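Report on the structure
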Amino acid sequence: MDGHQHGYIHRKDDYLKRLRRIEGQARGLQRMVDEEKYCIDILTQISAMTKALQAVSLGLLEEHMQHCVLDAARAGEAEGRAKIDEAVEAIARLVRS
């Protein structure tokens, strides 16, 4: 580790709580398929899980922009541009997913 504290660190417990909830949703989906539940009910739960993952992603992206990118920009133009490029690539991946 580089000694840098990531921007989300002050909300780490919140993110872990959300991810555990999502993990529970994934287990519930497995159970629904195993129990041969109605397709639309399964799709509804997949949609809810997808939205929950998107919320975590957006929160982490916001933290990254407010902390990592801002800190890099303060350190120098090259560092700032590198972090912005990294963020743009992450956003592109999120949009494609």
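Please refer to the structure higher up on the page.
What this report covers is the structure whose coordinates are included nearby.

Reading the values: rules and limits
- Residues numbered from 1 in each chain as written.
- Predicted model: local features only at pLDDT ≥ 70, side-chain atom pairs only at ≥ 80, totals over all residues.
- Heavy atoms only, no water.
- Helix = DSSP H or I, 4+ residues; strand = E, 2+ residues; numbered from the N terminus.
- Rg over C-alpha atoms; globule rule 2.2 N^0.38 Å.
- Contact = heavy atoms within 4.5 Å.
- Areas by Shrake-Rupley, 256 points an atom, 1.4 Å probe, with all protein chains shown as cover.
- Buried < 20%, exposed > 50% of the residue type's maximum accessible area, 1.4 Å probe, protein only.
- Axes fitted to C-alpha atoms, helices over the stretch in contact; angles between N-to-C directions.
- Parallel < 35°, antiparallel > 145°, perpendicular 65-115°, else oblique.
- Left-handed = near helix turned anticlockwise from the far one by under 90°.
- Nonpolar A, V, L, I, M, F, W, Y, C, P; charged D, E, K, R; others polar.
- 1 Å grid on protein atoms, 1.4 Å probe; cavity = no way out; pocket = protein on both sides within 12 Å on 5 of 7 lines; lining within 4 Å.
- Points joined across faces, edges and corners; volume = space filled by probe spheres on them.

Time to look at the overall build of the protein chain. What the protein chain contains, in helices and strands, is 3 helices and 0 strands. Along the protein chain, helices and strands appear, N-terminal first, in the series α-α-α. Relative to the 2.2 N^0.38 estimate, which gives 13 Å for 97 residues, the radius of gyration of the protein chain is 17 Å and therefore markedly larger than a compact globule would have. Taken along its principal axes, the extent of the C-alpha atoms in the protein chain is 55 × 25 × 20 Å. The contacts in the protein chain between residues at least 6 apart in sequence include a share of 52% that link residues at least 24 apart. Accessible surface, the protein chain: about 7,400 Å² in total, of which carbon and sulfur atoms supply 56%.

A few words on the environment of Ile-22. Summarising the element assignment, Ile-22 is placed in helix 1 (residues 12–34). Exposure remark for Ile-22: the relative accessible area of 6% places this residue in the buried category. In the structure, Ile-22 is positioned 26 residues away from Ala-48 in sequence and 9.2 Å away in space, judged by C-alpha atoms. If we ignore the near neighbours within four places in the chain, the residues touching Ile-22 are Met-49, Ala-52, Leu-53 and Val-56.

Moving on: the packing of helix 2 (residues 39–75) against helix 3 (residues 77–96). Two numbers describe how helix 2 lies on helix 3: the axes approach to 7 Å, and their chain directions differ by 165 degrees. As summarised for this structure, helix 2 and helix 3 are arranged roughly antiparallel, according to the angle between their axes. Note that helix 2 runs across helix 3; the crossing there is left-handed. Here Ser-57, Leu-61, His-64, Met-65, Cys-68, Val-69, Ala-72, Ala-73 and Ala-75 of helix 2 come into contact with helix 3, specifically with Glu-79, Gly-80, Lys-83, Ile-84, Glu-86, Ala-87, Ile-91 and Leu-94. Considered class by class, the residues forming the contact of helix 2 with helix 3 number 11 nonpolar, 3 polar and 3 charged.

In this structure, the largest pocket occupies an estimated 210 Å³ of space. As for the largest pocket, its lining consists of Ser-57, Leu-60, Leu-61, His-64, Glu-86, Ala-87, Ala-90, Arg-93, Leu-94 and Ser-97. Sorting elements by how many residues they give to the lining of the largest pocket places helix 3 first, with 5 residues. Classifying every residue of the lining of the largest pocket by side-chain character gives 5 nonpolar, 3 polar and 2 charged.

Orientation of helix 1 relative to helix 2, taken along the N-to-C sense of each, is 160 degrees, at an axis distance of 10 Å. Taken together, helix 1 and helix 2 sit at an angle that is classed as roughly antiparallel. The crossing of helix 1 and helix 2 is left-handed. Broken down by class, the residue content of the contact of helix 1 with helix 2 amounts to 16 nonpolar, 3 polar and 3 charged.

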